Amino acid sequence: MKPSWMRSLHSSAALAVALALAAFVGAGSADAQALRDKWCSKVHLRFFVGGAEGDAFGTIVYNGARQAATDTGAQVDYVFSGWANERMTQQLREAVAAHPDGIAMMGHPGEAAILPLAEQAAKAGIKMTYQNVPVPAAVDKVGGGYVGAQQAPQGHALGVEIVRRFHLGKDDLAIVILASNDVIRNAREEGTAKALEEGGVKVVRLASEPEWAADPNLAIPVVTAAFQANPTAKAIVYPGGQMLGNAEVYMKAARKKPGEVFNIGFDTSPQIVQAFERGWVQLTADQQPFQQGYLPILSLCETIVYGLAPINVDTGAGFVTPENYKAVADLAKEGLR
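Parameters at a glance
- Residues numbered from 1 in each chain as written.
- Predicted model: local features only at pLDDT ≥ 70, side-chain atom pairs only at ≥ 80, totals over all residues.
- Heavy atoms only, no water.
- Helix = DSSP H or I, 4+ residues; strand = E, 2+ residues; numbered from the N terminus.
- Buried < 20%, exposed > 50% of the residue type's maximum accessible area, 1.4 Å probe, protein only.
- Contact = heavy atoms within 4.5 Å.
- Areas by Shrake-Rupley, 256 points an atom, 1.4 Å probe, with all protein chains shown as cover.
- Axes fitted to C-alpha atoms, helices over the stretch in contact; angles between N-to-C directions.
- Parallel < 35°, antiparallel > 145°, perpendicular 65-115°, else oblique.
- Nonpolar A, V, L, I, M, F, W, Y, C, P; charged D, E, K, R; others polar.
- 1 Å grid on protein atoms, 1.4 Å probe; cavity = no way out; pocket = protein on both sides within 12 Å on 5 of 7 lines; lining within 4 Å.
- Points joined across faces, edges and corners; volume = space filled by probe spheres on them.
- Disulfide = S-S within 2.5 Å.

(A) Spatial organisation of the overall build of the protein chain. Scanning the protein chain from N- to C-terminus turns up 14 helices and 12 strands. A burial count over the protein chain gives 51% of its 337 residues as buried. Here the analysis covers contacts within the protein chain between residues at least 6 apart in sequence; of these, 74% occur between residues at least 24 apart. Counting every atom, the protein chain has about 15500 Å² of accessible surface; 55% of that belongs to carbon and sulfur.

Okay, here's the thing in structure tokens:
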């Protein structure tokens, strides 16, 4: 016969095991409840793609947003603006009036246009976040996150890389096409221009029109005239992937051969990959537009459903060059990079 203390010990051990199993089963049940399928399905969002349907850059953003909607179950209305700032502002006004649960907004119209509408959205209980171009005044005043490259640092880094990679310096000349009149949006290209000047390069700045992003062929007369006025220019920097992907057209119009002028800019796309393959593009700064589509949807869902803080991500990913472009070529052709 076992001593009473041993029987008591066995009983205690059995009880401990039972409690542990119960806790394990309970934890498993809680975990199962936490892992919800289509957990954002009751949330209605409006997402600003920026460009027109089929736009090279906007398509990648759109694909990222659609993937996020599929993964989370969110109900998303997609807004296409053709990169027209006034149209984008009016569409934001309409979005606030429609009272969705959240809005993911491109920052291109600028703080003066967006801030009053962001304040209206906040008063109506609509959550907002931003992509591609930051809107710090709105974020500071009424909250929200930002998913995109940091404009000035990315632009400056590209300028430094241009000087280093192509050995440009004193007596060399480069053309930089500025993005817009908005100080925040234009900080990227201005950062590139300043970095080139810091390296001793003479910079010719050109103004651009918003319509060029939707139809880069509209810039042909301006680009060709720039090379006629500056025939010794060794490099040209474009303000977006749509124009960079059109480099071959510009260079042929300016009677330049592949590699005669360094064609440089931002983003990747099927057109830019082809331009690398054909020798027309020599350098681009990647800003991962797929993330600019995916993460704002995820951020709004997390904020609205779980009360989590907005997501802030710098999507600037480094440089794509003739040496490494093949690593992203297939994804770019699929509209994912």
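That shown, we press on.
(B) Focus on the packing of helix H3 (residues 85-98) against helix H4 (residues 111-123). It is at 10 Å that the axes of H3 and H4 come closest, and there the two elements cross at 5°. Accordingly, the angle class assigned to the pair H3 and H4 is roughly parallel. The residues of H4 that touch H3, namely those facing Thr-89, Leu-92, Arg-93 and Val-96, are Ala-113, Ile-114, Leu-117, Gln-120 and Ala-121. Here the contact of H3 with H4 is composed, by residue class, of six nonpolar, two polar and one charged.

(C) Up close: the environment of Val-305. Structurally, the position occupied by Val-305 is in helix H13 (residues 289-306). Sequence separation between Val-305 and Trp-39 is 266 residues; the distance between their C-alpha atoms is 8.0 Å. Contacts of Val-305, omitting those with residues within four sequence positions, involve Arg-36, Trp-39, Cys-40 and Val-43.

(D) The layout of surface pockets, seen in detail. Taken as a whole, the largest pocket spans an internal volume of roughly 190 Å³. If you trace the largest pocket, you find 16 residues lining it, with Lys-127, Met-128, Val-142, Gly-143 and Gly-144 closest to the centre. Within the residue set of the lining of the largest pocket, elements represented by two or more residues are H4, strand E4 (127-131) and H13. In terms of residue class, the lining of the largest pocket is made up of eight nonpolar, seven polar and one charged.

(E) Geometry of the state of the cysteines. Applying the stated criterion across every chain, the model contains one disulfide. Each disulfide pairs two cysteine sulfurs, and for Cys-40 the partner residue is Cys-301, the sulfurs being separated by 2.1 Å. On the sign convention where negative is left-handed, the bridge of Cys-40 and Cys-301, at about -90° about the S-S bond, is left-handed. Taken together, the residues Cys-40 in the loop between helix H1 (4-34) and strand E1 (44-48) and Cys-301 in helix H13 connect sequence positions 261 residues apart. A single burial state applies to Cys-40 and to Cys-301, both of which are buried.

Just geometry here; none of it tells us what the structure is for.
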